[in-house]
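Residue-level structure breakdown
If you want the building blocks of each chain, they are given just below.
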Amino acid sequence: MTARPPAIELAQALAQVAYEKKGQEIKILDVSELHSLIECFVLVTGLNSRHGQVLGEDALARVKKDGLQPWHLERAEDWICGDFGDVVLHVFTEEARLYYDLDHLWSDAPLIEW
């Protein structure tokens, strides 16, 4: 079994995959001081629901290529949520990102450069 990379390294890799596939408004939030189980959120906006699905699938493929398995990947029409243990990937449509507003909800979390 392959060892899991540190959370920030994994979050940066997921952000890079989203960037390469034209994901928008990519942010990594360090929620380690605000959440007891998760270290990072990766927030991404897709151009539409199909693009969001592709972003989620490509992130999943990247992690699997590195020999890792996500704990859970939830797919909805306007939001993909990938649980990678210490890192949670959120891929939204623009409307869903505005509606759920995780950027505001977790605004106390420091941004991580990627």
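The sections below set out a description of the structure shown in this document. In this text, all values refer to a predicted model and were calculated from it rather than measured experimentally.

**A word on the environment of V63**
With respect to the helices and strands, V63 occurs in helix α2 (residues 49-65). Judged by relative accessible area, V63 falls into the buried class, the value being 2%. Through-space distance from the C-alpha of V63 to that of L10 is 8.4 Å; in sequence the pair is 53 residues apart. Not counting the four nearest positions on each side in its chain, V63 is found in contact with L10, L14, L68, Q69 and F84.

**Side note on the sheet that holds strand β1 (residues 24-30)**
If you trace the 5 strands from one edge of the open sheet to the other, you get β1-β2-β5-β4-β3, paired in mixed fashion. In this open sheet, the two strands that pair with only one neighbour each are β1 and β3 (72-75). Across the sheet, the mean angle separating the axes of adjacent strands is 10 degrees when strand polarity is ignored. Where strand β4 (residues 79-83) meets strand β5 (residues 87-92), 5 bridges bridge the pair, whose relative direction is antiparallel. When the bridges of β5 are listed, I80 appears paired with V91. Here helix α1 (residues 7-20) sits on the sheet in contact with β1, β2 (40-45) and β5, set at roughly 5 degrees to β2. In the packing of α2 onto the sheet, the strands contacted are β2, β3, β4 and β5, and the crossing angle to β3 comes to about 170 degrees.

The rules behind these values
Residues numbered from 1 in each chain as written. Predicted model: local features only at pLDDT ≥ 70, side-chain atom pairs only at ≥ 80, totals over all residues. Heavy atoms only, no water. Helix = DSSP H or I, 4+ residues; strand = E, 2+ residues; numbered from the N terminus. Buried < 20%, exposed > 50% of the residue type's maximum accessible area, 1.4 Å probe, protein only. Contact = heavy atoms within 4.5 Å. Pairing = 2+ DSSP bridges. Axes fitted to C-alpha atoms, helices over the stretch in contact; angles between N-to-C directions.

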